[in-house]
Amino acid sequence: MTIRTATAERYRIWIAKFQDWQPRSWRDLPREAVAVELAESGCFSANDALAYIEGFNRVAIGRSDHRWAVAMPVIAYEGDPAPGELIFPRKTAMAPSAG
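Note that the structure is a prediction, hence the values are computed from the model and not measured.

Peer 1: Kindly report on helix 1 (residues 46-60), identifying the contributing residues and their values.
Peer 2: Here helix 1 spans 21 Å end to end across 15 residues, near enough to the 21 Å set by a 1.5 Å rise per residue. Among the residues making up helix 1, those that are buried are Ala46, Ala49, Ile53, Asn57 and Ala60. Projection of helix 1 onto a plane perpendicular to its axis shows the buried side chains occupying an angular sector of 60°, all on one side. Those residues of helix 1 that are exposed and aimed more than 90 degrees away from the buried face are Asn47 and Val59. Its buried side turned inward, helix 1 meets strand 1 (11-17) and strand 3 (67-73).

Given below as structure tokens:
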């Protein structure tokens, strides 16, 4: 996975709900997902966000509730997504690299 990040880049972790998609790896991203809730208050560094997502999504693969952790980069704060708001497709910095 390639993450392009600057030292000060920060992420918010969201728990999202998806339909008609089956992840094969904790790194996979659904084509479309709806915000359910903010996973934790505050922002994460790229490394901390990646660790959180890996831990959550490794467990989520085995569950049937269709919830998935995603990191949203804090580029310019315009407010967090509201629960029920479509958050994908939206470009994210944590998208897996090809290959």
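Peer 1: Talk me through the environment of Ala46; I want residue IDs and the actual numbers.
Peer 2: Relative to the assigned elements, Ala46 resides in helix 1. Each C-alpha atom of the pair Ala46 and Tyr11 lies 6.8 Å from the other, and the pair is 35 residues apart in sequence.

Peer 1: Residue-level account of unusual backbone geometry, with values.
Peer 2: Not every positive phi belongs to a glycine, and Asp20 is a case in point at roughly 50°. You can see Asp20 is positioned in the loop between strand 1 and strand 2 (33-38).

Peer 1: How would you explain the pattern of salt bridges if you had to name every residue and give the values?
Peer 2: In the structure shown here, the tally under the stated rule is two salt bridges. One salt bridge in this structure joins Glu54 and Arg58, with 2.9 Å as the shortest N-O distance. Here Glu54 pairs with Arg58, and both are found in helix 1, just four residues apart, close to one helical turn. Notably, a salt bridge pairs Arg63 with Asp65, separated by 3.5 Å at the nearest N-O pair. A relative accessible area of 29% places Asp65 in the partly exposed class.

About the thresholds
- Residues numbered from 1 in each chain as written.
- Predicted model: local features only at pLDDT ≥ 70, side-chain atom pairs only at ≥ 80, totals over all residues.
- Heavy atoms only, no water.
- Helix = DSSP H or I, 4+ residues; strand = E, 2+ residues; numbered from the N terminus.
- Expected span 1.5 Å × (residues − 1).
- Buried < 20%, exposed > 50% of the residue type's maximum accessible area, 1.4 Å probe, protein only.
- Arc of directions from axis to C-beta.
- Contact = heavy atoms within 4.5 Å.
- Salt bridge = Lys/Arg side-chain N within 4 Å of Asp/Glu carboxyl O.

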